[in-house]
Amino acid sequence: MVIRMNVRFHCLKLLLMWRRFYRLLLRFARKILRARSMWWQPNAFAAKKPYLVKRQATIRAVRAFFDAQGFDEVETPALQQAPGMEAHLHAFKTKRLNPERDHAETLYLHTSPEFAMKKLLVAGCEKIYQICHTFRNAEGSRLHACEFTMLEWYRAHAGYRDIMDDCVDLLRAVATSCGVSEFKHRGTSADPFKDWEIISVVEAFEKYAGIDLTAFLPPPLSSPLGEGGGLVGGEVERFAEVVRKLNIHTAPDDSWDDLFFRVFLEKIEPHLGIGQPTIIYDYPASMAALARRKPEDQRFAERFEVYVCGIELANAFGELTDAVEQRERFVESMALKEKLYGESWGVDEDFIAALAHGMPESSGIALGIDRLAMLVSDAEDIKQVLWTE
């Protein structure tokens, strides 16, 4: 009986000691978190300053590059009736009141200035760029911020390979101006002065995952944005079987696009932009977004992305100019958005009208300025290159 009492006493004593230790640990952790969130403290801000100096140099170099190329720097409103058309992007919603305050119009902060800039192409502008704040809700990670800085540029009467050339020249110009010989991130590097890796999506799947993607592509006349990429269930399951053989998890309700991204993110993306920047081009038509399909092979879209040190830096299109097809894509994308997230917004009728009026053959691209500054300064987290948090 005495032994049992002693055991209980010591157990109770240990429990109380653990509780005191846990409270102290929790208090200490909260103190650290508060200190980290107080970016405005002089010591904390001093640690950020070298990264911000590189950010300033990066933006100056970008402007100098486009100004020297004869581009017009433009400014477009952040408030839009339709903030974008990507089904998986979420926008910030607000109301604009009239002066009498008896009527409210629903508006959104843009997820990209793309629609407005393309209207300028219709208006007659030929070479334009913009550096602006962009807003995407429900985002946050070491590479993502809900409010971030975007660079977009467009060329009228140009193809998407012209934009590829711009990317090579721009990144080399930024590196030279900022005094770096290579971009760095988390122990990896990429030399922009080397020959870039230029690889198609099909080649990347074969090289890094051992998958012949062409065996599973939707037929040419399938809907570019339809769930499952236009494939019937049995064919999606064939693709899923191949994905599972790579020890990649799949779900019963995976669409074709879901399977694509499971492979891409696990087997392909980690290899891109290592040693030198990578341009990966010609995405399946189901991922066309605002890109036109390739005239010579309707299974693919004129779309490419730039990767540096494993980071997706830029996304480019040979622009779709067909107003009818663009409207169809809008409607399909918003239907998918409503199904997945219970939200959607209307078509930007002014944008469709501009396309119908006539947009010249054009190409354009969106590039993350914050991520470029991270690569120039070897930052670990996007917060290091943001002036305020």
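Our structure's up above, just so we're on the same page.
Residues numbered from 1 in each chain as written. Predicted model: local features only at pLDDT ≥ 70, side-chain atom pairs only at ≥ 80, totals over all residues. Heavy atoms only, no water.

Remarks on the overall build of the protein chain
This is how the line gets drawn: Counting from the N terminus, the helices are the DSSP runs of H or I reaching at least four residues and the strands are the DSSP runs of E reaching at least two. Buried, partly exposed and exposed residues are distinguished by accessible area as a fraction of the type maximum, computed with a 1.4 Å probe on protein chains only: under 20%, between the cut-offs, and over 50%, respectively. Contacts are assigned to residue pairs that have any heavy atoms within 4.5 Å of one another. Shrake-Rupley sampling with a 1.4 Å probe provides the accessible areas, and residues are treated as covered by the protein chains on show and by no other component.
Within the protein chain, the secondary structure is distributed over 10 helices and 14 strands. Counting the 389 residues in the protein chain, one finds 48% classified as buried. Restricting to contacts in the protein chain with at least 6 residues of sequence separation, those with at least 24 account for 69%. By element, 54% of the accessible surface of the protein chain is carried by carbon and sulfur atoms, the whole surface being about 19700 Å².

Observations concerning the environment of Ser-200
Mapping Ser-200 onto the fold places it in strand β9 (residues 197–200). Note on Ser-200: relative accessible area 9%, which makes it buried. With 81 residues separating them in the primary sequence, Ser-200 and Tyr-281 have C-alpha atoms 4.7 Å apart.

Regarding helix α9 (residues 349–358)
In plain terms, the rule: What the arc describes is the spread of directions from the helix axis to the C-beta atoms. By the criterion applied in these results, polar contacts are pairs of N or O atoms within 3.5 Å in which, for protein atoms, one can donate a hydrogen and the other can accept it, and in which residues neighboring in sequence qualify only through two side-chain atoms.
Burial in α9 covers these residues: Phe-351, Ile-352, Ala-354 and Leu-355. End-on view of α9: buried residues confined to an arc of 160°, all on one side of the axis. Away from its buried face, by an angle of more than 90 degrees, α9 presents the exposed residues Ala-356 and His-357. In this structure, the buried residues of α9 make contact with α3 (114–123) and α8 (323–341). The distance from a side-chain oxygen at the start of α9 to the backbone nitrogen of Asp-350 is 3.2 Å, and the residue carrying that oxygen is Asp-348.

Section: the nonpolar core
This is how the line gets drawn: Definition of nonpolar core: a set of buried residues of the types Ala, Val, Leu, Ile, Met, Phe, Trp, Tyr and Cys, connected through side-chain atoms within 4.5 Å.
Ranked by internal contacts, the top residues of the largest apolar core, which has 49 residues, are Leu-151, Trp-153, Leu-170 and Phe-304. For this core, the leading source of residues is helix α4 (residues 160–178), giving 10 residues. Not counting the four nearest positions on each side in its chain, Phe-304 is found in contact with Tyr-160, Ile-163, Met-164, Cys-167, Ile-279, Ile-280, Tyr-281, Tyr-283, Ala-314, Asn-315, Ala-316 and Ile-365. By size, the runner-up hydrophobic cluster in this structure holds 28 residues, among which are Tyr-208, Leu-217, Phe-264 and Tyr-283.

Thoughts on a nonpolar patch on the surface
Short version of the rule: In this scheme, patches are assembled from residues that exceed 30% relative accessible area and form no salt bridge. Like charges are connected within 9 Å, while nonpolar side chains (Val, Leu, Ile, Met, Phe, Trp, Tyr) are connected within 5 Å. A pair is scored as a salt bridge if a Lys or Arg side-chain nitrogen falls within 4 Å of a carboxyl oxygen belonging to Asp or Glu.
A cluster of nonpolar side chains, Trp-18, Phe-21, Tyr-22 and Leu-25, forms an exposed patch at the surface whose accessible area comes to about 450 Å². By the element assignment, Tyr-22 lies in helix α1 (residues 2–37). You can call Tyr-22 partly exposed: its relative accessible area is 44%.

Re the sheet that holds strand β3 (residues 93–97)
What counts, and what does not: Two strands qualify as a pair provided that DSSP identifies no fewer than 2 bridges between them.
As summarised here, the arrangement of the three strands in space is β2-β4-β3, forming an open sheet in which the pairing is antiparallel. Every interior strand has two partners, whereas the edge strands, β2 (79–80) and β3, have only one. In terms of strand pairing, β3 meets strand β4 (residues 104–109) through five bridges, oriented antiparallel. In the strand pairing of β4, Leu-97 is matched with Ala-104.

Some words on unusual backbone geometry
Backbone geometry places Asn-247, a non-glycine residue, at a positive phi of 60°. Topologically, Asn-247 is positioned in the loop between α6 (233–245) and α7 (256–268). The class of Asn-247 is exposed, set by a relative accessible area of 71%. A positive phi is found at Asp-282, a non-glycine position, where the angle reads about 60°. By secondary structure assignment, the location of Asp-282 is in strand β10 (residues 278–284).

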